[in-house]
Amino acid sequence: MDAPTAGYAFEYLIETLNDSSRKKFFDVSKLGTKYDVLPYSIRVLLEAAVRNCDGFLMTKEDVMNILDWKTKQSNVEVPFFPARVLLQDFTGIPAMVDFAAMREAVKTLGGDPEKVHPACPTDLTVDHSLQIDFSKCAIQNAPNPGGGDLQKAGKLSPLKVQPKKLPCRGQTTCRGSCDSGELGRNSGTFSSQIENTPILCPFHLQPVPEPETVLKNQEVEFGRNRERLQFFKWSSRVFKNVAVIPPGTGMAHQINLEYLSRVVFEEKDLLFPDSVVGTDSHITMVNGLGILGWGVGGIETEAVMLGLPVSLTLPEVVGCELTGSSNPFVTSIDVVLGITKHLRQVGVAGKFVEFFGSGVSQLSIVDRTTIANMCPEYGAILSFFPVDNVTLKHLEHTGFSKAKLESMETYLKAVKLFRNDQNSSGEPEYSQVIQINLNSIVPSVSGPKRPQDRVAVTDMKSDFQACLNEKVGFKGFQIAAEKQKDIVSIHYEGSEYKLSHGSVVIAAVISCTNNCNPSVMLAAGLLAKKAVEAGLRVKPYIRTSLSPGSGMVTHYLSSSGVLPYLSKLGFEIVGYGCSTCVGNTAPLSDAVLNAVKQGDLVTCGILSGNKNFEGRLCDCVRANYLASPPLVVAYAIAGTVNIDFQTEPLGTDPTGKNIYLHDIWPSREEVHRVEEEHVILSMFKALKDKIEMGNKRWNSLEAPDSVLFPWDLKSTYIRCPSFFDKLTKEPIALQAIENAHVLLYLGDSVTTDHISPAGSIARNSAAAKYLTNRGLTPREFNSYGARRGNDAVMTRGTFANIKLFNKFIGKPAPKTIHFPSGQTLDVFEAAELYQKEGIPLIILAGKKYGSGNSRDWAAKGPYLLGVKAVLAESYEKIHKDHLIGIGIAPLQFLPGENADSLGLSGRETFSLTFPEELSPGITLNIQTSTGKVFSVIASFEDDVEITLYKHGGLLNFVARKFS
């Protein structure tokens, strides 16, 4: 439903990219000096406003407000047309059901249903349907350290299906079958291959078929969700602008980042910045690529699909200047967590954050997207990294063509959306500037007993000494001063070694949680390479291990050439599951155990996991530290935590020369280069191939291709909703609300979860009765969230929250009173009776009605119950917009008034007449059956909202446009 006159007011800004190109763009930089000082993120908002200015949904005044951001920030609402929408399946299904129902309505009105399509590109990822029906135990207790018989693999549940032996096809050099047992028999090291996507044979690192657990779960997923999957497949066939990413491909935010992002859109030879809103909180990850995007509710995304903008208060923009150079020993994780902590302390909630300064170029795209992904941690709407040379280099490795990158760079520089450290025109002006000196972020470890006790690496030696002195507690071991220098000799594999307090006896490199970032695993590998080349080794009694989080980690460690060096130091792959950090370390040698006992030594374990409580790794290892993977390798080489890396060597080379940590520590630039060349390239190629090849089950899934969806009247998941049942070709005059009863009398802070719960369906609820009558057992009810495509279930679930406090009832319960009969009923049952009697309904409420998460059915549900208006003291703005968008009038008490002050009991009936010409904020009079007359505010903010309300809501408005 693109407005034909969009951009008409600013046609004079259209330019051609270059003399030899037909590509055009709106050169918003010609709007004057005000543009030059705008933050980059606001420039993206401005370009979208200029391009979509149609005089109605986007006015010239809106454009000027954004251009005058410096004075208008936080004071005006502005519309924003994102370039695309991203949905996940739970929130996507009601939107697609509405479009399918709209086709029916348009046909009924005599229009062409084939004209009904989303107004912008819409990608829907089916990633929220997977449930773990089958699993295999990832924990192997007391593994055999000598390469003897492997313990039996954990059983599949619930069907106890054992994995088949899956041979490496066509790989004649494979020394055994690639199954969960034989995969681990490599160089005599215990191993258990149980991970997924992709599984690699360790003998030649080639993909092998997926384990049976994955296949079984996918089989059940397709069976359980067949109706919805068939509907999604039909949607992808018949709707233009809709692409469905099938199950088994990946998570929404990863697919968005790795496959769907354009950075610069090209549509009919018109270039413009990529931007996105979606129903996933991780949408902000793409801010790291210079793409404006954030998460919104289902009804906002549906509005964008229907051709309407997202409305937002013109935000404050906090400029975060990154200066200095990071400490050589600082990893990407240190940087990300350091910046996140700083932003949380400063307070950036509800604001845009934008990064600038010389330090930005030191951050890889992985760093940037991780920082942006942490927005919920520090409360910002988004965290924007403008496109720069680092971005372009990354895009080159992800498969963008040279021609695409050249036009992208030319365009972004023309509209001043390309960040450059040598920016001659200076930096933008921000609402507030905070500075973070990267040099202030120091590498640290956590321990020796709790993960929250952080210790700077530079303070490690002194802190460990203090722990020996302190009383037994969260950190102390209370070792007598005269025993703190004790040394115990051990004989191991024909050589003599010395153990003391602080000696490392367990060292585990694990790529889990924060340390799944490829940069830190590669840093460990590069450090190992340099250590081996310098002649350094790890003492053989130290129990070393390498546990990648997936086969992909093995793949990039191998393709980058560092895996053999890790192995040389003893860090050989032991499997793909939780091991060391859950206490599944192979037993220490008797020599070590006896020495620890003899000297009452405080020996140490060091790992890159996430848990290090005392005795967790091994009951004889009292001090345990969490560290980044490269620091695990470093401390393993040193053999002790009782070391100052700045002044003491790790060891000596064959010539006797001291080798310090700084001699072998890889630079961030080196790590980033290897990461781009060996991780990004292969990862993006694999994902692209997976999406383009599709999923066998998805490819073979039968689905209709008719213009109209063939609704199954027996379906309890997908139903044609009744929003359009009374739709007329032209909107009828606004009808008075006469003698309306109050369905619910509510207090303050009624949330969208009170109105439309998303959780499980209670067995005694109206929705449960509906499902039971259709032959379902309670086990098959699923949740309200899973049944969002069935309006009958969702209407019955409206106000079904057991915590709902209705003043008519006097206690929390999803009940109300049907006043004509005096019965206390479920809310749905009462509303159903009112509708049969032809009685309109209203809701009385207090302050902040509709607060909480944006939820489309919190507006749709009351509408289908017959609610014509809500009268509240105040609203959560987003929910108020939703009420208007579905056709419910948002009425507001005058300031200082409420139901109590007006003496309303809620048992009266209420009547209200609308004037022929509504205007924003107009005052209306309500008359009750008791004779009381009082004034309320019709809480419409602009002509667009009034137009939508006159049409009976957004869906009706758009359906008429197509008719």
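Residues numbered from 1 in each chain as written. Predicted model: local features only at pLDDT ≥ 70, side-chain atom pairs only at ≥ 80, totals over all residues. Heavy atoms only, no water.

Asks: I'm lost on the overall build of the protein in this one. Help?
Replies: Check the secondary structure of the protein and you find 31 helices and 36 strands. Scored against the burial criterion, the 963 residues of the protein give a buried share of 58%. A separation of at least 24 residues holds for 73% of the contacts in the protein among residues at least 6 apart in sequence. As displayed, the protein offers around 38,800 Å² of accessible surface, 49% of which is attributable to carbon and sulfur atoms. (Helix = DSSP H or I, 4+ residues; strand = E, 2+ residues; numbered from the N terminus. Buried < 20%, exposed > 50% of the residue type's maximum accessible area, 1.4 Å probe, protein only. Contact = heavy atoms within 4.5 Å. Areas by Shrake-Rupley, 256 points an atom, 1.4 Å probe, with all protein chains shown as cover.)

Asks: Hey, could you run me through the pattern of salt bridges in this one?
Replies: As a working rule, side chains carrying opposite charge can pair if their charged atoms are close by. Scanning the model with the defined rule gives 33 salt bridges in all. The partner of Glu396 in a salt bridge is Lys393, with the nearest N and O atoms 3.9 Å apart. Separated by three residues within a single helix, Glu396 and Lys393 lie in helix H13 (residues 389-397), roughly one turn from each other. For Lys393, a relative accessible area of 46% corresponds to the partly exposed category. When the shortest N-O distance is used, the salt bridge between Asp600 and Arg622 registers 3.0 Å. Residue Asp600 is located in the loop between helix H19 (590-599) and strand E24 (604-607), and its partner Arg622 is located in the loop between E24 and strand E25 (623-626); the two are separated by 22 residues in the primary sequence. (Salt bridge = Lys/Arg side-chain N within 4 Å of Asp/Glu carboxyl O.)

Asks: It is not clear to me how H13 should be interpreted in this structure. Could you clarify?
Replies: For an α-helix, the turn length of 3.6 residues means that residues three or four places apart are oriented alike. What H13 keeps buried is the set Thr391, Leu392, His394, Leu395 and His397. Measuring from the side-chain oxygen of the N-cap residue of H13 to the backbone nitrogen of Val390 gives 3.1 Å; that N-cap residue is Asp388. Where H13 ends, the next residue or the one after it, Gly399, has phi of about 110°, a positive value. (Polar contact = N/O pair within 3.5 Å; in protein donor to acceptor, adjacent residues only side chain to side chain.)

Asks: Just checking my understanding: could you explain the side chain of Ser261 for this structure?
Replies: Examined against the element boundaries, Ser261 turns out to sit in the loop between helix H8 (252-260) and strand E9 (264-267). If we skip the residues at most four places from it in the chain, Ser261 touches Arg84, Asn256, Asp274, Val286, Leu289, Ile291 and Phe400.

Asks: Just to check I follow, could you spell out the sheet that holds strand E32 (residues 867-872) for this structure?
Replies: Backbone-to-backbone hydrogen bonds join strands into a sheet, with any given pair of strands oriented parallel or antiparallel. The strand order around the closed barrel built from seven strands is E28-E31-E32-E33-E36-E35-E34, with neighbouring strands paired in mixed fashion. Within the sheet, the average angular offset between the axes of one strand and its neighbour, ignoring direction, is 40°. The pairing of strand E28 (residues 737-745) with strand E34 (residues 910-912) spans two bridges and is antiparallel. Residue pairing across strands places Ile737 opposite Leu912, the latter belonging to E34. (Pairing = 2+ DSSP bridges. Axes fitted to C-alpha atoms, helices over the stretch in contact; angles between N-to-C directions.)

Asks: Explain the packing of aromatic side chains here, please?
Replies: Ring pairs (aromatic) are described by centroid distance and by the angle formed between their planes. All told, the structure shown has 26 aromatic pairs when counted by the stated rule. Judged by centre distance (5.4 Å) and plane angle (80°), the rings of Trp234 and Phe239 are edge-to-face. For the pair formed by Trp234 and Phe239, the shared burial category is buried. Grouping aromatic residues by their ring pairs yields a cluster made of Phe99, Phe231, Phe232, Trp234, Phe239, Phe709 and Trp711. When the ring centre of Tyr35 is taken as origin, the NZ or CZ atom of Arg43, which lies over that ring, is 5.3 Å away. (Phe/Tyr/Trp six-rings, centres within 6.5 Å; stacked < 30°, edge-to-face > 60°. Lys NZ or Arg CZ within 6 Å of the ring centre and 35° of its normal.)

Asks: I tried to follow the sheet that holds strand E5 (residues 122-125) on my own but got confused; where do I start?
Replies: Read from one edge to the other, the open sheet built from five strands follows the order E8-E5-E4-E11-E12, with strand pairing classed as parallel. Both outer strands of the open sheet, strand E8 (242-245) and strand E12 (292-295), are each paired with one neighbouring strand and no more. The average undirected angle you get between the axes of adjacent strands in this sheet is 15°. Alignment of strand E4 (residues 84-88) against E5, held across four bridges, turns out to be parallel. Pairing of Leu86 across the sheet is with Asp123, part of E5. In the packing of helix H9 (residues 298-305) onto the sheet, the strands contacted are E4, E5 and strand E11 (275-278), and the crossing angle to E4 comes to about 140°.

Asks: What should I look at first to understand the nonpolar core in this one?
Replies: A general tendency of soluble globular proteins is for nonpolar side chains to be buried together. With 191 residues, the main nonpolar core has Met102, Phe231, Phe799, Tyr849 and Leu891 as its most contacted residues. Once you skip the residues sitting within four places of it in the chain, Tyr849 turns out to touch Leu746, Val750, Ile755, Phe799, Ile843, Val870, Ala872, Ser874, Tyr875, Glu876, His879 and Leu883. One finds Met460, Leu536, Leu588 and Ala595 within the second-largest nonpolar core, a separate group that totals 75 residues. (Core = buried A, V, L, I, M, F, W, Y, C linked by side-chain atoms within 4.5 Å.)

Asks: Which parts of the structure should I look at to understand the confidence of the model for the protein?
Replies: Interpretation of this model should avoid reading the predicted coordinates in detail wherever pLDDT is low. Looking at the protein, the pLDDT average stands at 84 and 85% of residues meet or exceed 70. Every residue in residues 128-211 is under pLDDT 50, and counting partners more than four places away or in other chains gives 171 contacts. Confidence over residues 579-584 falls short of pLDDT 50; this stretch has 24 contacts with residues more than four positions distant or in other chains. (pLDDT = per-residue confidence, 0-100.)

Asks: Hey, could you run me through the pairing of E32 in this one?
Replies: Moving residue by residue along a regular strand, the side chains alternate between the two faces of the sheet. The element E32 is extensively covered by neighbouring structure, given that five of its six residues are classed as buried. Where the polypeptide runs from strand E31 (residues 841-844) across helix H28 (residues 857-865) and back to E32, its parallel neighbour, the crossover connection is right-handed. Inspection of the sheet shows E32 paired to strand E33 (residues 889-893) by four bridges, in the parallel sense. Note that in E33 the partner of Ala869 across the bridge is Ala889. The parallel pair E32 and E33 is bridged by helix H29 (residues 877-886), and the resulting crossover is right-handed. (Right-handed = clockwise from strand over helix to strand, strands pointing away.)

Asks: Would you mind showing me how to read the packing of helix H5 (residues 89-108) against helix H7 (residues 226-238) here?
Replies: Describing two packed helices takes the angle between their axes plus the distance from one axis to the other. Interhelical geometry of H5 versus H7 gives an angle of 60° and a closest axis separation of 11 Å. Judged on the interaxial angle alone, H7 and H5 are oblique. Judged by the sense of rotation from one axis to the other, the crossing of H5 with H7 is left-handed. Note on element contacts: H7 touches H5 through Arg228, Phe231, Phe232, Trp234, Ser235 and Val238, opposite Asp89, Phe90, Gly92, Ile93, Met96, Val97, Ala100 and Arg103. Per-class residue counts for the contact of H5 with H7 are nine nonpolar, two polar and three charged. (Parallel < 35°, antiparallel > 145°, perpendicular 65-115°, else oblique. Left-handed = near helix turned anticlockwise from the far one by under 90°. Nonpolar A, V, L, I, M, F, W, Y, C, P; charged D, E, K, R; others polar.)

Asks: Help me out: how do you make sense of the pairing of strand E13 (residues 310-313) in this one?
Replies: The alternating pattern of E13 places Val310 and Leu312 on a buried face, while none of Ser311 and Thr313, on the opposite face, is buried. One ladder, built from four bridges, connects strand E3 (residues 77-80) with E13; its direction is antiparallel. Its bridge partner being in E13, Val78 is matched across the sheet by Leu312.

Asks: Hey, could you run me through the state of the cysteines in this one?
Replies: By definition, a disulfide links two cysteine residues through a covalent bond between their sulfur atoms. In this structure the tally under the stated criterion is zero disulfides. For Cys604, which is in no disulfide, the shortest distance to another cysteine sulfur is to Cys467 and amounts to 9.4 Å. (Disulfide = S-S within 2.5 Å.)

Asks: Could you clarify how one ought to interpret the environment of Ile42 in this entry?
Replies: By secondary structure assignment, the location of Ile42 is in helix H2 (residues 40-51). Those residues in contact with Ile42, other than ones at most four positions away along the chain, are Ile66, Trp69, Pro315, Val317 and Phe352.

Asks: Mind showing me how you'd approach unusual backbone geometry here?
Replies: In this structure, the amide linkage connecting Gly447 to the following residue, Pro448, adopts the cis form with an omega of 15°. Looking at where Pro448 falls in the secondary structure, it is placed in the loop between strand E18 (444-446) and strand E19 (454-456). Here the phi dihedral of Lys268 falls at roughly 55°; this positive angle occurs in a residue that is not glycine. Among the secondary structure elements, Lys268 is positioned in the loop between E9 and strand E10 (270-273). Residues other than glycine seldom take positive phi values, yet Asn739 does so here, at roughly 55°. With respect to the element layout, Asn739 can be found in strand E28.

Asks: What is the right way to read helix H30 (residues 943-950) from this model?
Replies: Taken residue by residue, H30 has Val944, Glu945, Ile946, Leu948 and Tyr949 as its buried positions. In this structure, the buried side of H30 is in contact with H29, E33 and helix H31 (954-962). A positive phi of about 85° marks Gly952, the residue just after H30.

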